[in-house]
Amino acid sequence: MADQRVNDNAVTGGPQNTSIEDFDPPKKPKTSKFAIACALLACTTSVLLGYDIGVMSGASLFIKENLKISDVQVEILAGTLNIYSLLGSAFAGRTSDWIGRKYTIVLAGVIFLVGALLMGFATNYAFLMFGRFVAGVGVGYGMMIAPVYTAEISPASFRGFLTSFPEVFVNVGILLGYIANYAFSKLPLHLGWRFMLGVGGVPAIFLTVGVLFMPESPRWLVMQGRLGDAKKVLQRTSESKEECQLRLDDIKEAAGIPLHLNDDIVQVTKRSHGEGVWKELILHPTPAVRHILIAAVGIHIFEQASGIDTVVLYSPRIFEKAGITSSNHKLLATVAVGFTKTVFILVATFFLDKFGRRPLLLTSVGGMIFSLMFLGVGLTIVDHHKGSVPWAVGLCMAMVYFNVAFFSIGLGPITWVYSSEIFPLKLRAQGVSIGVACNRVTSGIVSMTFISLYKAITIGGAFFLYAGISAAAWMFFYTMLPETQGRTLEDMEVLFGKYFRWRKANAMLKERKQVDGDDNNNAQVC
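Residues numbered from 1 in each chain as written. Predicted model: local features only at pLDDT ≥ 70, side-chain atom pairs only at ≥ 80, totals over all residues. Heavy atoms only, no water.

*Asks:* Would you explain the overall build of the chain in this entry?
*Replies:* In terms of regular secondary structure, the chain is built from 26 helices and zero strands. Relative to its full complement of 526 residues, the chain shows a buried share of 56%. Taking as baseline every contact in the chain between residues at least 6 positions apart, the subset at least 24 positions apart corresponds to 82%. (Helix = DSSP H or I, 4+ residues; strand = E, 2+ residues; numbered from the N terminus. Buried < 20%, exposed > 50% of the residue type's maximum accessible area, 1.4 Å probe, protein only. Contact = heavy atoms within 4.5 Å.)

As structure tokens, then:
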């Protein structure tokens, strides 16, 4: 806006009223505390998934003993939540386009609360699986909508920081689940695991109530033609008035609304509720959309295929295989896994917008390859020695902690940041839902096959396999994923579409930005 006034004066030759303040250095934009608060609350949905993963790692030990179920039934119990969440993530895209991002988050909390209560009061394996199904649907809704809402309400300058919050809260939930395992493990056998699972409904209650005080996503509001409401939200979540107007204009352009229309409510196309999206996303995508979809699906599949859920979900078994026999020691070592993940994910949130997505992602996956290889080595050594091998036990424990640490500084948070920021506006909700669905299917397959896999190829061999998959992931990320740091959400269709030649598009965007900057400087000199 200020640049526009300068241009107007330069053209008209009008007087330029200046004061001492005009010569002061420009003020640094202030971070929107309101945007951070909204992102924090929305991402609380991810606590639900994290808690369920973490608590099941210990609860399954007691459930197996109390309900007399087999290892196969334990695998199914642990992994099917990811499959059930497919229903939630599949419906969440269309639901969020229909009723809005805000009320979809509320719906996620309510469904998970019901599921947690059903699991807590389960009297047999079938009842427990039904509660698991309901909770899984709620998790699917929450996993899809939290990153979408956060990306749409965040300014570009610290979008990476805010959209990494879902993964932060997953790790917080995992840590809380581990702590609940240890805290309730002293209760009678038939009560301990029920408390572990039922307490998961507590954060769902706080989430459902708190979200009612959040604003709706400005991008969804624009899609409904509610420009007045969208501008109010943008004013509270932008760093300056100029940025607010720029974001509003970008969203209007992406939604197909002429820039000259500034009424509070305008007429929009009939596709404002997500109709026709699948045709543009799957059947007849542009080269850019096809590249975006491949990148989003690829990063979600590789995140889970690297075996992170086996480390988190079965860490007590891994420590047992490494030579730790005491139940208390296994649970305490598992709490340390949750603590390590939480600490390193917090570190990652502050580096995403400083160093970019690619450097952290490639470093993260490289570290995971290293840790998985040596975890496989350590477990193989322990497996082939009848007596205790203290140094190999120490190596296994260290590599478990290294693995979750490297995962948390890159692949964990960036998967959700990246996939939520690259889709065009009208395809975003349902595009992200496809990525989340692939994520949950892969996680379910990995979780439900781990015990059978390590019985077939040894536990060391299982981690050698995950190391190989991680190496393939590194190559995919290096060749196919462009850097998106600092790009507006509306830049993505230019950046994508060149596949492994994406650097040409990146150079073009940089050149365009430099030319625009030179034009503004020339206008100010005039």
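That covers the picture; the talk isn't over yet.
*Asks:* How should I be thinking about the pattern of salt bridges in this particular structure?
*Replies:* Note on pairing: side chains with opposite charge can pair once their charged atoms come close. One pass over the structure, following the stated rule, counts eight salt bridges. A salt bridge links aspartate 52 to arginine 132; the nearest nitrogen and oxygen atoms lie 2.4 Å apart. One end of the pair, aspartate 52, is in helix α3 (residues 45-67); the other, arginine 132, is in helix α6 (residues 125-153), with 80 residues separating them in the sequence. Taking the relative accessible area as the measure of exposure, arginine 132 reaches 1% and is therefore buried. With a closest N to O distance of 2.8 Å, arginine 101 and aspartate 97 form a salt bridge. The class for arginine 101 is buried, based on a relative accessible area of 0%. If you follow the salt bridges from partner to partner, you end up with Lys64, Asp71, Arg317 and Lys455 in one network. (Salt bridge = Lys/Arg side-chain N within 4 Å of Asp/Glu carboxyl O.)

*Asks:* Just to check I follow, could you spell out the nonpolar core for this structure?
*Replies:* Where a protein is soluble and globular, its nonpolar side chains tend to be buried together. Residues Phe463 and Phe477 are the most contacted members of the largest nonpolar core, which totals 135 residues. A per-element tally of this core places α6 first, with 14 residues. Per-domain counts for this core show at least three residues from each of domain 1 (32-266) and domain 2 (277-519). Residues in contact with phenylalanine 463, not counting those within four places in the same chain, are Thr310, Val311, Ile318, Leu372, Leu375, Gly376, Leu379 and Phe450. Core analysis: the next-biggest nonpolar cluster, separate from the first, contains 11 residues, Ile36, Ala39, Phe165 and Ile345 among them. (Core = buried A, V, L, I, M, F, W, Y, C linked by side-chain atoms within 4.5 Å. Domains from an automatic or database assignment.)

*Asks:* Explain the packing of helix α15 (residues 287-305) against helix α22 (residues 411-421) to me, please; I cannot follow it from the model alone.
*Replies:* Packed helices, taken two at a time, are described by the angle between their axes plus the distance between the axes. Two elements in contact, α15 and α22, have axes separated by 10 Å at closest approach and are oriented at 160°. In terms of orientation, α15 and α22 fall into the roughly antiparallel class. Read as a crossing pair, α15 and α22 show a hand that is left-handed. Taking contact as the criterion, the partners of Ala295, Ala296, Ile299, His300, Phe302 and Glu303 in α15 are, on α22, Leu411, Gly412, Ile414, Thr415, Trp416, Tyr418 and Ser419. When the residues that make up the contact of α15 with α22 are grouped by side-chain class, the tally is eight nonpolar, four polar and one charged. (Axes fitted to C-alpha atoms, helices over the stretch in contact; angles between N-to-C directions. Parallel < 35°, antiparallel > 145°, perpendicular 65-115°, else oblique. Left-handed = near helix turned anticlockwise from the far one by under 90°. Nonpolar A, V, L, I, M, F, W, Y, C, P; charged D, E, K, R; others polar.)

*Asks:* What should I look at first to understand the side chain of arginine 317 in this one?
*Replies:* With respect to the secondary-structure elements, arginine 317 resides in helix α17 (residues 315-322). Polar side-chain contacts of arginine 317 include one of 3.4 Å to the side chain of tyrosine 454. Not counting chain neighbours up to four residues away, the residues in contact with arginine 317 comprise Lys64, Asp71, Val74, Ile451 and Tyr454. (Polar contact = N/O pair within 3.5 Å; in protein donor to acceptor, adjacent residues only side chain to side chain.)

*Asks:* Honestly, a nonpolar patch on the surface in this entry has me stumped. Any pointers?
*Replies:* Residues Trp98, Ile99, Tyr103, Ile205, Val209, Leu212 and Phe213 make up a contiguous nonpolar surface patch of roughly 760 Å² in combined accessible area. Taken together, the elements giving at least two residues each to the nonpolar patch come down to α4 (71-99) and α10 (201-211). Mapped onto the fold, isoleucine 99 is located in helix α4. Look at isoleucine 99 and you get partly exposed, because its relative accessible area is 34%. (Patch = residues over 30% accessible without salt bridge, like charges linked within 9 Å, V, L, I, M, F, W, Y side chains within 5 Å. Areas by Shrake-Rupley, 256 points an atom, 1.4 Å probe, with all protein chains shown as cover.)

*Asks:* Can you walk me through α15 in this structure?
*Replies:* Each turn of an α-helix holds 3.6 residues, which means side chains three or four residues apart point in the same direction. Between its terminal C-alpha atoms α15 stretches 26 Å, which fits the 27 Å expected from 19 residues at 1.5 Å a residue. Burial analysis of α15 places 15 of its 19 residues in the buried class, the great majority of the element. Within two residues after α15, glycine 307 carries a phi angle of roughly 90°, on the positive side. (Expected span 1.5 Å × (residues − 1).)

*Asks:* What should I look at first to understand unusual backbone geometry in this one?
*Replies:* Across the chain, the bulk of peptide bonds are trans and the bulk of non-glycine residues have phi less than zero. Backbone geometry places lysine 68, a non-glycine residue, at a positive phi of 55°. By the secondary structure assignment, lysine 68 is in the loop between α3 and α4. In this model, threonine 458 sits at a positive phi of 75°, which is unusual for a non-glycine residue. Relative to the helices and strands, threonine 458 is located in the loop between α23 (428-457) and α24 (459-480). Classification of threonine 458 by relative accessible area gives partly exposed; the value is 34%.

Just distances and angles here, no functional claims.
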